Amino acid sequence: MINLDKQTPFNFLNEISDSTLTELKRNSQNHTFNKGELIVFKGQKIGGAYLVQSGTLRIYTMDANGNEKPIYSLNAGEICIVIPPLITEVLSRGYAAFS
């Protein structure tokens with residue numbers, strides 16, 4: 001279970017009810033990744049919210065020559081909500097990978 005105590009860097013947790021926080025904890029998973037590890041690949045089905053507890057999550061695509069094209073990055077305490085229909089549209093425009 002992910003550490004979602006109200007003392008974490010996620011400021012929005014202070015604004016939600018205890019019952020919502022309990023539900024969020026119950027439906028969350030904690031993953032630890034190594035620096036540089038690819039965590040989502042082109043064509044992979046994704047959805048939900050990604051909360052960065054530490055480090056940086058870089059989101060980028062690859063051009064036809066294999067060069068990284070940064071989209072944005074998330075730092076500790078930031079959140080990215082993934083909505084599959086939106087991601088499908090973005091990926092169809094050539095965005096290839098999350099890292």
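The structure displayed is predicted, hence computed values, not measured ones.

1. Let's talk about the overall build of the chain
Next up, step 1: A count of helices and strands for the chain gives two helices and five strands.
Next up, step 2: Secondary structure elements of the chain occur, N-terminal to C-terminal, as α-β-β-β-β-α-β.
Next up, step 3: Split into buried and exposed, the 99 residues of the chain put 22% on the buried side.
Next up, step 4: Contacts in the chain between residues far apart in sequence, at least 24 positions, make up 55% of those at least 6 positions apart.
Next up, step 5: Of the roughly 7,100 Å² of accessible surface on the chain, a fraction of 52% belongs to carbon and sulfur atoms.

2. Overview of the nonpolar core
Next up, step 1: In this structure, Val40, Ile46, Val52, Leu57, Ile59, Leu74, Cys80 and Val82 together form the largest nonpolar core, which totals eight residues.
Next up, step 2: Looking at this core, the elements that each hand over two or more residues are β2 (56-62) and β4 (79-82).

3. Some points on the pattern of salt bridges
Pairing between side chains becomes possible if they bear opposite charge and their charged atoms approach one another.
Next up, step 1: Applying the stated criterion to the full structure yields three salt bridges.
Next up, step 2: The salt bridge involving Glu23 is made with Arg26; its shortest N-O contact spans 2.6 Å. Within this pair, Glu23 and its partner Arg26 are both found in helix α1 (residues 18-26), separated by three residues, close to a single helical turn.
Next up, step 3: Judged by relative accessible area, Arg26 falls into the exposed class, the value being 56%.
Next up, step 4: Note that Lys69 is salt-bridged to Asp63, the shortest N-O span being 3.8 Å.

4. Examining the environment of Glu78
Next up, step 1: Secondary-structure assignment places Glu78 in the loop between β3 (68-75) and β4.
Next up, step 2: Take Glu78: its relative accessible area is 33%, and that puts it in the partly exposed class.
Next up, step 3: Between the C-alpha atoms of Glu78 and Ser54, which are 24 residues apart in sequence, the distance is 9.5 Å.
Next up, step 4: At a separation of 2.5 Å, a polar atom in the side chain of Glu78 contacts the main-chain amide nitrogen of Asn75.

Criteria and thresholds
Residues numbered from 1 in each chain as written. Predicted model: local features only at pLDDT ≥ 70, side-chain atom pairs only at ≥ 80, totals over all residues. Heavy atoms only, no water. Helix = DSSP H or I, 4+ residues; strand = E, 2+ residues; numbered from the N terminus. Buried < 20%, exposed > 50% of the residue type's maximum accessible area, 1.4 Å probe, protein only. Contact = heavy atoms within 4.5 Å. Areas by Shrake-Rupley, 256 points an atom, 1.4 Å probe, with all protein chains shown as cover. Core = buried A, V, L, I, M, F, W, Y, C linked by side-chain atoms within 4.5 Å. Salt bridge = Lys/Arg side-chain N within 4 Å of Asp/Glu carboxyl O. Polar contact = N/O pair within 3.5 Å; in protein donor to acceptor, adjacent residues only side chain to side chain.

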